[in-house]
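Chain residues, written in single-letter form:
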Amino acid sequence: MPQQEYPPEPTWWAAFEADVQARFAARGRTPDLQTFRYFARTGYDIGAGMDAEQAKAKHLRELDSELGGPASTPPPPTVTRRTGVVRADGRVFTDDQGPFLALGASLFWGLWGLQHDLQRLRDNLAALAGQVDYVRVLGWVGPSGGWEDRQARATPELIAAFTDLAYDEYGLRTQWTIFGGADNTTLASRRAVVDRFIGALGGRRLAKVMLYEVANEGWQNGFADDAGRRELWSLATLLRHST
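Residues numbered from 1 in each chain as written. Predicted model: local features only at pLDDT ≥ 70, side-chain atom pairs only at ≥ 80, totals over all residues. Heavy atoms only, no water.

### Re the sheet that holds strand 3 (residues 98-100)
In spatial order, the strands read 1-2-3; together these three strands make up an open sheet with antiparallel pairing. The two strands at the open ends of the sheet, each matched to only one other strand, are strand 1 (87-89) and strand 3. Going from strand to strand, the sheet's axes swing by 50° on average, the running direction of each strand aside. (Pairing = 2+ DSSP bridges. Helix = DSSP H or I, 4+ residues; strand = E, 2+ residues; numbered from the N terminus. Axes fitted to C-alpha atoms, helices over the stretch in contact; angles between N-to-C directions.)

What follows is the structure in C-alpha cells.
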C-alpha cells in the first residue's frame, strides 16, 4: 500500500484520544501507560498505507475487546434517516421525503464534546435520536461569554466528524451556527472559518446538514453595527452560493 499522510495532531489525533478516554470512562476505568500502544499501532498502520479512519476503527475495536466488550451505554434507537439536501420551498423545509416540520435541539457544546467528552456527547445524541430532526452546534466560541472551559475551534476534520457522527449513527442532521462569538478573529480569519465549513460539508455530506447560521446573536457576539451586519450578509451569501 502507498504511504499515507499522517492526520493533523491538534485535530484528528485529539479526537482519537477523546474516543479512547471515553471508552475507559464508560467502564469506570482510567487509561494507563499501556494505552499508548493503541496510538502507536494506529500510526504504524497509517504509515504502512492504511486509511486513517480504518486504522482508528481497527484499534478502537481492539481496545473494546481488551476492555471486555463494548461499553454498557445502550445503542441509539433505530431511526429513519431523512435523505437528500434540505431546501426551502416557500416557508417550508423539504428534502427527498417531501415537506416536513423540522424540530431541533440546541447542543451548543457539541464540538467541544467531540474532543473532550465523547461519551457524554453520545449519550445526549442517543437521547435526542428519534425525538428531534437536528441539533444546533456552535463552530467557534469562547473564551469570553462564559465559555472558558468549553471553547470550540472548528477545523475541517472536526466539522466532518461531528456531522457524520450525528447523522450516520443517530439520524440527526446538524444546524451549524458558525460563530457563537468572534474571539481572536479578524475579517480575513472569519472568512477562512466559513470556508472550512464550505469545504468540509460539500458533496454527499451536505445532506446531513439542516441549515447554516453565520452567528448566534451576532449583534453582541462580534458583528455589531452596520459593518457587522454587512459582514453577516456577505458570509451568508457566500454560504448560500457555495453549498
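### Remarks on the packing of helix 2 (residues 36-47) against helix 3 (residues 52-66)
The N-to-C vectors of helix 2 and helix 3 enclose an angle of 150°; their axes lie 9 Å apart at closest approach. Between helix 2 and helix 3, the interaxial angle falls into the category roughly antiparallel. Like other packed secondary-structure pairs, helix 2 and helix 3 cross with a definite hand, here right-handed. Of the residues in helix 3, those in contact with R37, Y38, R41, T42, D45 and I46 of helix 2 are A52, A55, K56, K58, H59, E62, L63 and E66. Within the contact of helix 2 with helix 3, the residues separate by chemical class into five nonpolar, two polar and seven charged. (Parallel < 35°, antiparallel > 145°, perpendicular 65-115°, else oblique. Left-handed = near helix turned anticlockwise from the far one by under 90°. Contact = heavy atoms within 4.5 Å. Nonpolar A, V, L, I, M, F, W, Y, C, P; charged D, E, K, R; others polar.)

### Notes on the nonpolar core
Ranked by internal contacts, the top residues of the largest apolar core, which has 50 residues, are L111, L121, L125, F162, W176, F179 and F197. Among the elements that take part in this core, helix 6 (residues 156-170) stands out by supplying six residues, more than any other. Apart from residues lying up to four places away in sequence, F179 is in contact with W140, R190, V193, V194, V214, A215, N216, F223 and L235. (Core = buried A, V, L, I, M, F, W, Y, C linked by side-chain atoms within 4.5 Å. Buried < 20%, exposed > 50% of the residue type's maximum accessible area, 1.4 Å probe, protein only.)

### A few points about the pairing of strand 5 (residues 134-141)
Buried residues dominate strand 5, accounting for eight of its eight residues. By the bridge criterion, three bridges tie strand 4 (residues 104-106) to strand 5 in an arrangement that is parallel. Within the sheet, the bridge partner assigned to A105 lies in strand 5 and is V135. By the bridge criterion, six bridges tie strand 5 to strand 7 (residues 173-179) in an arrangement that is parallel. Bridge pairing links V137 to W176 in strand 7. Pairing analysis gives two bridges linking strand 5 to strand 6 (residues 152-153), with the strands arranged antiparallel. When the sheet's bridge partners are listed, V141 is paired in strand 6 with A152.

### Digging into the pattern of salt bridges
Oppositely charged side chains can form a pair if their charged atoms are brought close together. Following the criterion strictly, the structure yields 15 salt bridges and no others. Across the pair K208 and D164 runs a salt bridge whose closest N-O atoms are separated by 2.9 Å. On the criterion of sequence distance, the pair formed by K208 in the loop between helix 7 (187-200) and strand 8 (209-215) and D164 in helix 6 is long-range, its members being 44 residues apart. For K208, a relative accessible area of 13% gives the class buried. (Salt bridge = Lys/Arg side-chain N within 4 Å of Asp/Glu carboxyl O.)

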